[in-house]
Amino acid sequence: MKILTCPLNGPRNISEFVWGGEVKIHPPLDCTDEEWAAYAALENNTAGVVREWWYHVPTAYWIIAERDTVKDVILRTYPARELFKDRVDYDAPAAPAAGDTPRETP
Amino acid sequence: MVFALLKYGLSKHYPAKHQFPRPRELKKSYDVVIIGGGGHGLATAFYLARDWGITNVAVLDKGYLAGGNTARNTAIIRSNYLTPEGVRFYDESVRLYQDLSNDFDLNILYSERGHLTLAHTDSAIRTMRWRAEVNKHFGINSELVLVDDVKRLCPQLDCSDTVRYPVLGALYHAPGSIARHDAVAWGYGAGAAMRGVEIHQRTEVIGIEREGVNGTGGKVTGVVTNRGTIKCGKVIQAVAGATTRVADMIGLKLPIRTIPLQACVSQPLKPFLDKIIVSGSLHVYISQSSRGELVMGGSTDPYALYGTRSTLDFKEGLMMHMLELFPYLAEVKLLRQWAGMTDMTPDFAPIMGETHVQNYYIDAGWGTWGFKATPVCGKRNAEMLATGQVPDLIKPFTYRRFPEFRQLGEKGAASVGH
Ligand SMILES: Cc1cc2nc3c(=O)[nH]c(=O)nc-3n(C[C@H](O)[C@H](O)[C@H](O)COP(=O)(O)OP(=O)(O)OC[C@H]3O[C@@H](n4cnc5c(N)ncnc54)[C@H](O)[C@@H]3O)c2cc1C
């Protein structure tokens with residue numbers, strides 16, 4: 001059994017979580033189709049330390065974990081709000097590019 | 001045969017055949033370099049040499065021959081997929097498989113068993129009917145059968161309605177088969193080596209040399225390995241779980257995630273299970289090998305990993321459902337377990353063909369379903385390398401389908417179906 005420490009619920013069996021894939025940078029809303037497809041489909045698939053989404057199913061809570069995909073160890077977990085400060089407003093006119101700040105992934 | 005038995009039974013020296021020449025130095029240059037000596041790479045080399053007379057070819061593998069997923073798969077061969085592109089492709093592969101033992105003069109233990117994909121829900125029945133119709137359209141022997149026929153075809157299966165997910169019916173594919181996976185790789189490797197192809201084990205590709213890279217992909221000119229740099233005309237990569245690491249060397253980003261797939265076998269039993277049984281809803285599949293072992297597996301691990309460890313979670317989840325289908329297996333012991341690193345795509349179809357780099361080709365995205373495609377990949381990759389034209393059968397699998405929003409949607413047939 002592998003333990004993942006949830007910032008809300010403490011150490012839990014990893015089978016209580018669903019893996020959500022790597023954290024990606026949301027492209028600006030007026031991006032090209034090609035950029036959007038890249039965001040939606042392409043993967044870094046890093047061999048090494050990655051930052052990714054995990055979802056604690058019983059409490060419906062999304063978290064971020066830093067994990068080594070070669071050594072199979074979880075290095076750090078924290079609430080998603082540490083990374084994502086503001087929401088993407090899909091109704092607003094195209095927002096300026098967010099630079100390197102990650103934005104909330106839908 | 002009888003005399004040979006007598007002669008060599010009495011003699012101390014058995015005439016063991018050396019199928020692979022001893023390792024030697026890398027040459028300075030090759031017409032074609034194949035990265036990855038799994039089934040796909042070796043098959044590509046075989047058809048290049050046999051069908052196109054191209055023998056100045058090197059197959060490079062960082063480990064030992066066919067020690068990747070080719071050595072780890074559960075050897076299910078079938079063509080009853082869901083998309084027309086998939087069905088056509090796998091159909092050619094199954095036909096090639098049927099002649100392989102003769103082509104190689106080596107018995108690959110190809111064994112036609114009949115393949116049942118069980119349906120436990122109305123929606124699964126609907127998907128099976130859809131698959132059967134697509135299959136029949138392409139002349140594939142495939143039909144939807146209801147529970148009475150499932151009982152007749154596989155009386156070993158618990159088809160009662162006292163279980164949590166009773167069997168309602170199945171997609172029945174009579175040509176569904178298994179084969180000895182190692183023999184497939186050896187046959188291709190030996191056949192290629194016999195015709196002059198060089199196979200270099202423990203030769204890891206660590207870089208790709210290109211020219212004319214001015215904002216474009218340029219053109220491949222050579223391959224850097226841990227044993228030195230070699231020049232080459234064309235390159236194809238067929239490295240399964242290592243796809244991203246090699247594609248990174250030409251700056252090609254792909255929709256691939258490396259996720260382990262685990263499997264296990266039981267202690268050998270007398271032959272009792274002829275059919276190959278798969279349940280997508282229960283995430284399990286099982287067949288009995290020619291050695292009598294029950295070969296079992298399920299869906300991929302719950303998260304990406306570059307590793308081949310086995311987990312208890314996998315076995316508990318697998319057996320919970322397996323015992324629902326075959327309650328009397330509860331007493332049987334497991335013998336071995338293992339895992340392979342699969343290169344999973346989001347639409348459960350492969351990624352093949354040209355890349356943005358001239359003369360650099362790819363054979364990837366074979367996830368949990370690529371053993372059955374070994375012959376057709378080899379044959380069509382060879383055609384592509386020899387003619388410079390992408391064969392029609394391969395065209396739909398281009399990585400460009402993602403930016404162009406033309407995904408293939410093979411999930412209904414490939415996720416746990418193998
Ligand atoms: C447990 C399991 C069960 C499966 N069951 C089935 C099944 O029932 N039916 C089915 O059709 N498919 C199945 N598959 C999928 C199938 O095994 C694979 O899709 C197929 O074997 C891929 O073959 P390959 O030759 O492309 O890759 P591999 O056999 O993995 O060969 C790739 C080779 O590339 C080498 N390599 C990697 N990086 C480098 C480098 N930098 N330089 C040089 N060499 C390198 C590796 O050492 C390896 O030998 C299963 C897979 C697993 C793991």
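Note that the structure is predicted; figures quoted are calculated from it, not measured. (Residues numbered from 1 in each chain as written. Chains lettered and ligands numbered in written order. Predicted model: local features only at pLDDT ≥ 70, side-chain atom pairs only at ≥ 80, totals over all residues. Heavy atoms only, no water.)

Trainee: A description of the overall build of chain B should follow, citing residues and the corresponding values.
Mentor: In terms of helices and strands, chain B carries 11 helices and 19 strands. In terms of overall dimensions, chain B is globule-like: its C-alpha atoms have a radius of gyration of 22 Å, near the 22 Å expected for 418 residues. Counting all 418 residues of chain B, 57% fall into the buried class. Within chain B, the 39 negative side-chain charges are centred at a point lying 5 Å from the centre of the 47 positive side-chain charges. (Helix = DSSP H or I, 4+ residues; strand = E, 2+ residues; numbered from the N terminus. Rg over C-alpha atoms; globule rule 2.2 N^0.38 Å. Buried < 20%, exposed > 50% of the residue type's maximum accessible area, 1.4 Å probe, protein only. Lys, Arg positive; Asp, Glu negative; His and termini not counted. Charge placed at Lys NZ, Arg CZ, Asp CG, Glu CD.)

Trainee: Go over the site of the ligand with me, naming the residues and quoting the values.
Mentor: Residue and element names in this part refer to chain B. Around the ligand there are 39 residues in total, and D61, N69, T70, T74 and K372 lie nearest to it. In this structure, an oxygen atom belonging to the ligand sits 2.5 Å away from a side-chain N or O atom of D61. Measuring from an oxygen atom of the ligand, one finds a side-chain N or O atom of T70 at 2.5 Å. In isolation the ligand exposes 1000 Å². Once the protein is present, 97% of that is buried. Per-class residue counts for the shell around the ligand are 16 nonpolar, 18 polar and 5 charged. Shared between two domains, the shell around the ligand holds at least three residues of each, these being domain 1 (28–75 + 182–255 + 347–413) and domain 2 (112–175 + 258–344). (Near = heavy atom within 4 Å. Polar contact = N/O pair within 3.5 Å; in protein donor to acceptor, adjacent residues only side chain to side chain. Areas by Shrake-Rupley, 256 points an atom, 1.4 Å probe, with all protein chains shown as cover. Nonpolar A, V, L, I, M, F, W, Y, C, P; charged D, E, K, R; others polar. Domains from an automatic or database assignment.)

Trainee: Tell me about the interface of chain A and chain B, and please be specific about residues and values.
Mentor: With 24 residues of chain A at the contact, the number on the chain B side is 20 residues. Buried area between chain A and chain B, summed over both chains or domains, comes out near 1900 Å², and the portion from carbon and sulfur atoms is 56%. For the chain A face of the interface with chain B, the top three residues by lost area are W19, E43 and N45 of chain A, together amounting to 32%. Between R400 of chain B and E34 of chain A there is a salt bridge, with the nearest N and O atoms lying 3.2 Å from each other. Elements with a minimum of two residues in the side of chain A that touches chain B: β3 (17–22) and α1 (33–41) of chain A. The class makeup of the residues in the side of chain A that touches chain B is 10 nonpolar, 8 polar and 6 charged. (Contact = heavy atoms within 4.5 Å. Buried area = accessible area lost by both parts, 1.4 Å probe. Salt bridge = Lys/Arg side-chain N within 4 Å of Asp/Glu carboxyl O.)

Trainee: Explain the pattern of salt bridges to me, and be specific about the residues and the numbers.
Mentor: With the rule as written, the count across this model stands at 27 salt bridges over all chains. E16 of chain A is the partner of R12 of chain A in a salt bridge, and the nearest nitrogen-oxygen pair spans 3.0 Å. Overall, the relative accessible area of 30% leaves R12 of chain A in the partly exposed class. Note on E16 of chain A: relative accessible area 22%, which makes it partly exposed. A salt bridge links R95 of chain B to D91 of chain B; the shortest N-O distance between them is 3.1 Å. Of this pair, R95 of chain B and D91 of chain B both sit in helix α4 (residues 84–104), 4 residues apart, which is roughly one turn of that helix.

Trainee: Requested: an account of the packing of aromatic side chains, with residues and values cited.
Mentor: In the structure shown here, the tally under the stated rule is 20 aromatic pairs over all chains. For the ring pair W53 of chain A and W62 of chain A, a centre distance of 5.8 Å and an interplane angle of 85 degrees mean the geometry is edge-to-face. Look at Y97 of chain B and Y110 of chain B: their rings are 6.0 Å apart centre to centre, the planes differ by 20 degrees, and that puts the pair in the stacked class. With Y97 of chain B in helix α4 and Y110 of chain B in the loop between α4 and β4 (111–112), this residue pair connects regions lying 13 residues apart in the sequence. (Phe/Tyr/Trp six-rings, centres within 6.5 Å; stacked < 30°, edge-to-face > 60°.)

Trainee: I'd like a rundown of the nonpolar core, residues and numbers included.
Mentor: Inside soluble globular proteins, nonpolar side chains tend to come together where they are buried. Core analysis: the largest hydrophobic core is formed by 73 residues, its most contacted members being W54 of chain A together with F89 and Y188 of chain B. Examining the composition of this core, we find that 8 residues originate from one element, α4 of chain B, more than from any other. Counting contributing residues, this core receives three or more from each of domain 1 (28–75 + 182–255 + 347–413) and domain 2 (112–175 + 258–344) of chain B. Look past the residues within four positions of F89 of chain B in its chain and what remains in contact with it is M352, W366, A373, V376, C377, L393, I394 and F397 of chain B. (Core = buried A, V, L, I, M, F, W, Y, C linked by side-chain atoms within 4.5 Å.)

Trainee: Run through the pairing of strand β4 (residues 49–56) of chain A, naming residues and quoting values.
Mentor: It is a general feature of regular strands that their side chains alternate between the two faces of the sheet. All names here are of chain A. Pairing of β3 with β4, which is carried by 5 bridges, proceeds in the antiparallel orientation. When the sheet's bridge partners are listed, W19 is paired in β4 with W54. Pairing between β4 and strand β5 (residues 61–68): 8 bridges, direction antiparallel. The partner of W53 across the bridge, within β5, is I64. Counted along the chain from β4 to the antiparallel partner β5, the turn is 4 residues long, and its residue A60 has a positive phi close to 50 degrees. (Pairing = 2+ DSSP bridges.)

Trainee: Residue-level account of the pairing of strand β16 (residues 294–298) of chain B, with values.
Mentor: Residue and element names in this part refer to chain B. In terms of burial, β16 is a largely internal element, 5 of the 5 residues being buried. Burial along β16 is two-sided: L294, M296 and G298 facing one way and V295 and G297 facing the other are all buried. In terms of strand pairing, strand β13 (residues 257–266) meets β16 through 3 bridges, oriented antiparallel. Among the inter-strand pairings, V265 is bridged to a residue of β16, identified as V295. Note: strand β15 (residues 284–288) against β16, 5 bridges, orientation antiparallel. Pairing of Y285 across the sheet is with G297, part of β16. Hairpin connection from β15 to β16: 5 residues lie between these consecutive antiparallel strands, with G292 at a positive phi of about 95 degrees.

Trainee: Please give an account of the domain arrangement of chain B that cites residues and values.
Mentor: Residues and elements named next belong to chain B. Here chain B is partitioned into domain 1 (28–75 + 182–255 + 347–413) and domain 2 (112–175 + 258–344). Computed over C-alpha atoms, the centres of domain 1 and domain 2 are 30 Å apart. With 18 residues of domain 1 at the contact, the number on the domain 2 side is 16 residues. Both sides of the domain 1 and domain 2 interface together cover about 1300 Å² of buried area, and 55% of this is carbon and sulfur. When the buried surface of domain 1 facing domain 2 is broken down by residue, R72, T74 and G241 rank first, second and third, together holding 40% of it. One can count 0 salt bridges joining domain 1 with domain 2. If you tally residues by element for the side of domain 1 that touches domain 2, the top one is helix α8 (residues 243–247), at 3 residues. Along the lines of polarity and charge, the residues of the side of domain 1 that touches domain 2 split into 7 nonpolar, 9 polar and 2 charged.

Trainee: Tell me about helix α9 (residues 312–325) of chain B, and please be specific about residues and values.
Mentor: All names here are of chain B. Its 14 residues place the ends of α9 20 Å apart at the C-alpha level, agreeing with the 20 Å of an ideal helix rising 1.5 Å per residue. Looking at the buried residues of α9, the elements they touch are β5 (115–119), β13, β14 (276–279), β15, β16 and β17 (334–344). With a side-chain oxygen positioned 3.2 Å from the backbone nitrogen of F314, the residue opening α9 is T311. (Expected span 1.5 Å × (residues − 1).)

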